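So you can see what is in the structure, the chains are spelled out below.
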Amino acid sequence: MTRRLTRRRFVSSVLLGAAASIAPRAWAAAPPAKPRGTLICGWEAEPGAFDNDIDRGAVTRTLLHNIYDRLVDRDMTVPARQPLVGNLATAWQVSPDARTYTFKLRRGVKFHDGTPFDAEAVKFNIDRDSDPGHKFYTKAGAGSLKLGYGNLASVDVLDQYTIRIVHKEPFADFLEVLAFGTYSIASPAAIQKYGNDDYPNHPVGTGPFRYVSREKGVKVAFERNPDYWAGAPALDGFIVRPLPEAVTRVTALQTGEVDWINAVNPDSMDAVKSNPNLVLALAQLPNTWGYIPNHKYPPTTKLALRQALSWAIDRETLARDVMKGLAIPARGTHAPGTPGYDPAIQGYGYNPAKAKQLLSTAGFPTGLPLEVWIPAGGAGSPFGIQMNEFIQQNFKDIGVNATFQQQEFQTFQNNMANGIQKDVNAIQVGFSVDEFVNLQRMFRTDLQPPNGNTNPGWYGNPQVDALLHRALGTTNDAQRRQLYFQVEQKAVDDAAWIFVVHQKAARAWNKNVRGFVNPASYMFTFRTVSMS
Amino acid sequence: MLRFVVGRVLATVPVLLGVSVVVFLTMKLIPGDAAQVLAGPQATREQVALIRESLGLNRPLYVQYATWLGNAVRGNLGRSIELEAPVTAMVLDRLKNTLVLAIGSAVFAIAIGVPIGILSATRRASLLDRASVVLALFGNSMPSFWLGLVLILVLSLHLRLFPSQGMYSLRGSAGLGDLVWHLTLPALTLSGVPAAVLARVTRSSLLETLHDDYVRTARAKGIAETRVVVRHALGNALLPVVTLVGIQTGYLLGGSILVETVFSWPGLGLQLYDAIGARDLPLVQGGVLLVASLFVCINLAVDMLYAHLDPRIRYAA
């Protein structure tokens, strides 16, 4: 009964969400306009260059959200289930076949260099990353944005503030893809002025903060954009200070040398928590950590075996004790708080007796050996080794003797591109699973290697393929969500992956930092922050 | 002398060429490449191939090496993939900061190592001598990142005497005083090993010299012991120490990766650390080549200095 009610409430919220995407919501209310100081942030690595269209990892990509806007965006001023909102587009129409997208653009917006934002600017950005004939075409950009711009039929400027983008195939997930950081809109004048090579050192967007200067290894400085269309940020600006050593980063926060830090190391969490001048906050990341079984070669082709392995893992203890609370048990593909999370999916609990029974059903009453490959160097988590060791013991408890073979990270990636081979039964992965479109990449039969490296386990289910295909052509958000939820449920039932945990990130700041929204995302914005 | 100098300079050419081959191949032999990193773990093969082509990583290895070496000889070390900037300017810029750190460490190493060496040589077998042996062993064997973290926790976090990171304050002035204040902890950390080595070498060299005939003569003339040590013995005893300071400076340049990372000191070491993490091949190659070349040059300079100070070296060579 409870479950039905939850689900009904959930569906109604989905419908509300769908209505919102047709008449896009405005951003959250603008913060007070009085500037209040410069925020100094300790970063866990030196950020890369600020190309608007290349993914240099989360440490850089989150900064793109502060410099640039996109046509549509996930509103990072909302802590969880960030709604898809109009950003540089104020409204859009999607054709019934999900191929044609017509965007009405925001008027009166200027890039940081003073040039106007309009439909020609959008076309310039898209052509630059999709049309080899474009004067400023970049192969790296085109490679990076292939998911969104890789199958375009045309990009037409209908008038100064209207643009039409036509895909060759139905692509109902296009809006979600456009909200990804690398679909940021850059100033065409700046790209023309600096050229493709030098532009990333002079990034010019329309975002809440303007890039000021950079001393590599020392700092990157940003200042408030006083003309920001959604209201100028409360800060004068912010400075990013790369502090790769975790203990140094926390110490710098404790001594007041920096005001805000990312990626607090687990060993320092208690010290930060007990300091009355500091705030520690966990953020649920759109991350899924688990194992991809080999669906092509036995014995993991047997459903009962995959289910047995799924029931054998004590996720609660793993998340609480091994990962020190920096994770929650995974029931399926998407973490709570992410837009694709379905609370109705129950997944697998911890039930060794049931696991043993399923193992017998699969034909292995006395157990069996398993060969699992894991990536070296963190294994997708700061606790990677301990997690794998813990699960190895869980498997042993039901009679499965798993051998974990570590591989250098890049070798591991290359092997994933070729798919899991005959002598390997599963691989361990830590994937970023944020939008529904990830399900297309994880579970489509036609994206098995060599056509892609996101389904290395050779998973294939005609029913799932049909659902995924229908989802791509379904423009009604609520209906599409339901299709994707069905895919998730099927993937869980099939034990397509052995879902283990969704990881969290720890961020911390000084008490004089106010208004920081800690979203369930790798991304965040300093637009709402002020300092007292 | 000229023949010796020319011979030594020419001998560095094959060494540098060897260094370039090793630097280039090591980075190529590591699995994966910058294209894979740029494309991200969830990219398709097509995406990676496009990016690889845009970076020229799809060309044959010897072509890539020849192009790279040709450009390097002309001072062009390529462009950083991750930071989109010329590598030569980037590494030279960071070299300045590493030199500041290396000089600071050398000052600490000399200020700590030489007096300890002198004291333990002149008070041989005393408690002080034994303590200095233990201290030197400790300095030589403890990992620098560990010492750095301990210094941060004690002197920065608890006593609030020094900043824990960086070269300048991000708030307020950034003058010479600020630089020295920031330099203290990393320089002290980095000086651990060279200070220990200097202390040991100074001790043994001075002990040897103190047994020389001319020192005995000086003593026999009734000169005060302090004067014997400082005016007569020390000058000669410090000859190997001078050489050692040169060599240790070379190690300081290359060996500062961990210390720079712990203190976020914006030098070559931290740059290399970041570049390796980002698989930024041109930047790693450029940085390692620069450090290796500097090391070769410093060794060359030390050889020449030694030959200048002790002419017997030339004849032996």
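Everything numeric in this text was worked out from a predicted model, so none of it was measured. Each chain has its residues counted from 1, running along the sequence as written. Chain letters and ligand numbers both follow the written order, the letters beginning at A and the numbers at 1. At least 70 in pLDDT is required for a residue's local features to be given in this predicted model, at least 80 for side-chain atom pairs to be given and counted, and no such filter applies to totals for whole chains, interfaces and linings, which use all residues. Remark: hydrogens and water are excluded; side-chain values derive from all non-hydrogen atoms of the structure.

Peer 1: For this particular structure, what's the right way to read the overall build of chain A?
Peer 2: Secondary structure elements are taken from DSSP: a helix is a run of H or I of four residues or more, a strand is a run of E of two residues or more, and numbering for both begins at the N terminus. Along its length, chain A carries 17 helices and 20 strands. Taking 24 Å as the expected radius of gyration for a compact globule of 532 residues, we find that chain A reaches 24 Å, a close match to that expectation. C-alpha extents for chain A along the principal axes are approximately 70 × 55 × 50 Å. To sort residues, take the accessible area from a 1.4 Å probe on protein chains only and compare it with the maximum for the residue type: under 20% means buried, over 50% means exposed, and anything in between is partly exposed. Here chain A holds 532 residues, and the buried ones make up 63% of them. For this analysis, residues touch if any pair of their heavy atoms sits within 4.5 Å. Contacts in chain A between residues at least 24 apart in sequence constitute 71% of all its contacts with a sequence separation of at least 6. Of the accessible surface of chain A, which amounts to about 19100 Å², a share of 52% is contributed by carbon and sulfur atoms. As defined in this context, the radius of gyration uses C-alpha atoms, and a globule is described by 2.2 Å times the residue total to the power 0.38. Computed by Shrake-Rupley with a 1.4 Å probe, the accessible areas treat only the displayed protein chains as cover when residues are assessed.

Peer 1: Would you mind going over the overall build of chain B with me for this structure?
Peer 2: Of regular secondary structure, chain B possesses 16 helices and zero strands. A buried classification covers 47% of the 317 residues belonging to chain B. Long-range pairs, those at least 24 residues apart, make up 70% of the contacts in chain B between residues at least 6 apart in sequence. For chain B, the accessible surface area stands at approximately 15300 Å², while carbon and sulfur atoms represent 69% of it. Only four residue types enter the charge count: Lys and Arg as positive, Asp and Glu as negative, with His and the chain ends excluded. Working definition for charges: the position is that of NZ of Lys, CZ of Arg, CG of Asp or CD of Glu. On chain B, the mean spot of the 25 positive side-chain charges and the mean spot of the 17 negative ones are 8 Å from each other.

Peer 1: Can you help me understand the environment of Phe 136 of chain A in this one?
Peer 2: All names here are of chain A. Examined against the element boundaries, Phe 136 turns out to sit in the loop between α3 (119–128) and α4 (139–144). Classification of Phe 136 by relative accessible area gives buried; the value is 11%. Phe 136 has contacts with Phe 124, Arg 128, Ile 191, Gln 192, Gly 195 and Asn 196, leaving out every residue within four places of it along the chain.

Peer 1: I would appreciate a short explanation of the domain arrangement of chain B in the present structure.
Peer 2: Quite often, the size of an interface is put as the accessible area lost when its parts meet. Domains assigned within chain B are domain 1 (32–76) and domain 2 (88–316). Note that the domain bounds were set by an automatic or database domain assignment. Here the C-alpha centre of domain 2 of chain B lies 38 Å away from the C-alpha centre of domain 1 of chain B.

Peer 1: Can you help me understand the packing of helix α5 (residues 87–122) of chain B against helix α6 (residues 127–141) of chain B in this one?
Peer 2: For any two helices packed against each other, the geometry comes down to the angle between their axes and how far apart the axes lie. Residue and element names in this part refer to chain B. At a closest axis distance of 8 Å, the pairing of α5 and α6 adopts a crossing angle of 140°. Between α5 and α6, the crossing angle belongs to the class labelled oblique. Handedness of the crossing formed by α5 with α6: left-handed. Here α5 contributes Ile 116, Leu 119 and Ser 120 to the contact with α6, which in turn contributes Leu 128, Asp 129, Ser 132 and Leu 135. All residues other than Ala, Val, Leu, Ile, Met, Phe, Trp, Tyr, Cys, Pro, Asp, Glu, Lys and Arg, Gly among them, are scored as polar; the first ten of these are nonpolar and the last four charged. Here the residues of the contact of α5 with α6 are counted per class, giving four nonpolar, two polar and one charged. Between the N-to-C directions of two axes lies an angle of 0 to 180 degrees, each axis being a line fitted to C-alpha atoms and, for a helix, fitted only over the stretch in contact. Roughly parallel here means an angle under 35 degrees, roughly antiparallel means over 145, roughly perpendicular means 65 to 115, and every remaining angle is called oblique. We call a crossing left-handed when the near helix sits turned anticlockwise from the far one by less than a right angle, and right-handed when that turn is clockwise.

Peer 1: Help me out: how do you make sense of the interface of chain A and chain B in this one?
Peer 2: Contact residues are listed per partner, giving 56 residues for chain A and 46 residues for chain B. Here chain A packs against chain B, burying approximately 4300 Å² in sum over the two surfaces, 52% of which is carbon and sulfur. Whenever Lys or Arg places a side-chain nitrogen within 4 Å of a carboxyl oxygen from Asp or Glu, that contact is recorded as a salt bridge. The interface formed by chain A and chain B holds one salt bridge in total. With a closest N to O distance of 2.5 Å, Asp 259 of chain A and Arg 171 of chain B form a salt bridge. In protein, a polar contact means a hydrogen-donor-capable atom and an acceptor-capable atom, both N or O and within 3.5 Å, with residues adjacent in sequence counting only if both atoms are side-chain atoms; elsewhere, any N or O pair within 3.5 Å suffices. Counting every contact that joins chain A to chain B gives twelve residue pairs in polar contact (both at pLDDT 80 or more). Elements with a minimum of two residues in the side of chain A that touches chain B: β1 (38–43), α4, α7 (188–198), β10 (237–242), α8 (246–254), α14 (409–418), β17 (426–432) and α15 (437–443) of chain A. No other element matches the six residues that α14 of chain A contributes to the side of chain A that touches chain B. When the residues that make up the side of chain A that touches chain B are grouped by side-chain class, the tally is 19 nonpolar, 20 polar and 17 charged. Here the quantity called buried area is the total loss of accessible area, with a 1.4 Å probe, experienced by two parts when brought into contact, counted for both.

Peer 1: Looking at this structure, I do not really get the pattern of salt bridges. What am I missing?
Peer 2: Two side chains of opposite charge can pair, provided their charged atoms sit close to one another. Residues and elements named next belong to chain B. Inspection of the entire model under this criterion finds 20 salt bridges over all chains. A salt bridge links Glu 84 to Arg 79; the shortest N-O distance between them is 3.7 Å. For Arg 79, a relative accessible area of 29% gives the class partly exposed. Between Glu 225 and Arg 219 there is a salt bridge; the shortest N-O distance is 2.8 Å. Take Glu 225: its relative accessible area is 41%, and that puts it in the partly exposed class. The class for Arg 219 is partly exposed, based on a relative accessible area of 33%.

Peer 1: Can you walk me through the packing of aromatic side chains in this structure?
Peer 2: Centre distance and the angle of the planes are the two values used to describe a pair of aromatic rings. All names here are of chain A. To pair, rings of Phe, Tyr and Trp, with the six-membered ring standing in for Trp, must have centres within 6.5 Å; the planes then decide the type, stacked if under 30 degrees apart, edge-to-face if over 60, and tilted in the middle. Within this structure, the stated rule accounts for 38 aromatic pairs over all chains. Each ring, one from Tyr 228 and one from Trp 229, has its centre 5.2 Å from the other, and the planes form 45°; the classification is tilted. For Tyr 228, a relative accessible area of 4% gives the class buried. Given the relative accessible area of 23%, Trp 229 is considered partly exposed.

Peer 1: Quick question: what am I supposed to make of the sheet that holds strand β7 (residues 162–167) of chain A here?
Peer 2: Pairing between the strands of a sheet comes from backbone hydrogen bonds, and it takes one of two forms, parallel or antiparallel. Residues and elements named next belong to chain A. If you trace the four strands from one edge of the open sheet to the other, you get β4-β5-β7-β6, paired in antiparallel fashion. Taken across any chain shown, the strands that pair with only one partner, and hence form the sheet edges, are β4 (89–94) and β6 (152–159). With strand direction ignored, the average angle separating the axes of adjacent strands in the sheet is 20°. Here, a strand pair is defined by DSSP locating no fewer than two bridges between the strands. Sheet analysis places β6 next to β7, joined by six bridges and oriented antiparallel. Across the sheet, residue Leu 152 finds its bridge partner in β7, namely His 167. Here α3 sits on the sheet and contacts β5 (100–105), β6 and β7; the angle it forms with β6, its principal contact strand, is near 165°.

Peer 1: How should I be thinking about the packing of α8 of chain A against helix α7 (residues 144–158) of chain B in this particular structure?
Peer 2: Put simply, α8 of chain A and α7 of chain B touch, their axes get as near as 11 Å, and they point 5° apart. The angle between α8 of chain A and α7 of chain B falls in the class roughly parallel. Of α7 of chain B, the residues touching α8 of chain A (which contributes Val 247, Thr 248, Thr 251 and Gln 254 of chain A) are Leu 149, Ile 152, Leu 153, Ser 156 and Leu 157 of chain B. Across the contact of α8 of chain A with α7 of chain B, the residue classes break down as five nonpolar, four polar and no charged.

Peer 1: I'm lost on unusual backbone geometry in this one. Help?
Peer 2: Comment: phi is negative for the bulk of residues other than glycine, and the bulk of peptide bonds are trans. Residue Pro 299 of chain A follows Pro 298 of chain A across a cis peptide bond; omega there is 10°. Of note, Pro 299 of chain A is situated in the loop between β13 (287–293) and α10 (303–312). A positive phi angle is found at Ala 98 of chain A, which is not glycine, with a value near 60°. Position of Ala 98 of chain A among the secondary structure elements: in the loop between β4 and β5. Here Glu 84 of chain B, not a glycine, exhibits a phi torsion of approximately 50°, which is positive. Within the element layout of this structure, Glu 84 of chain B appears in the loop between α4 (61–73) and α5.

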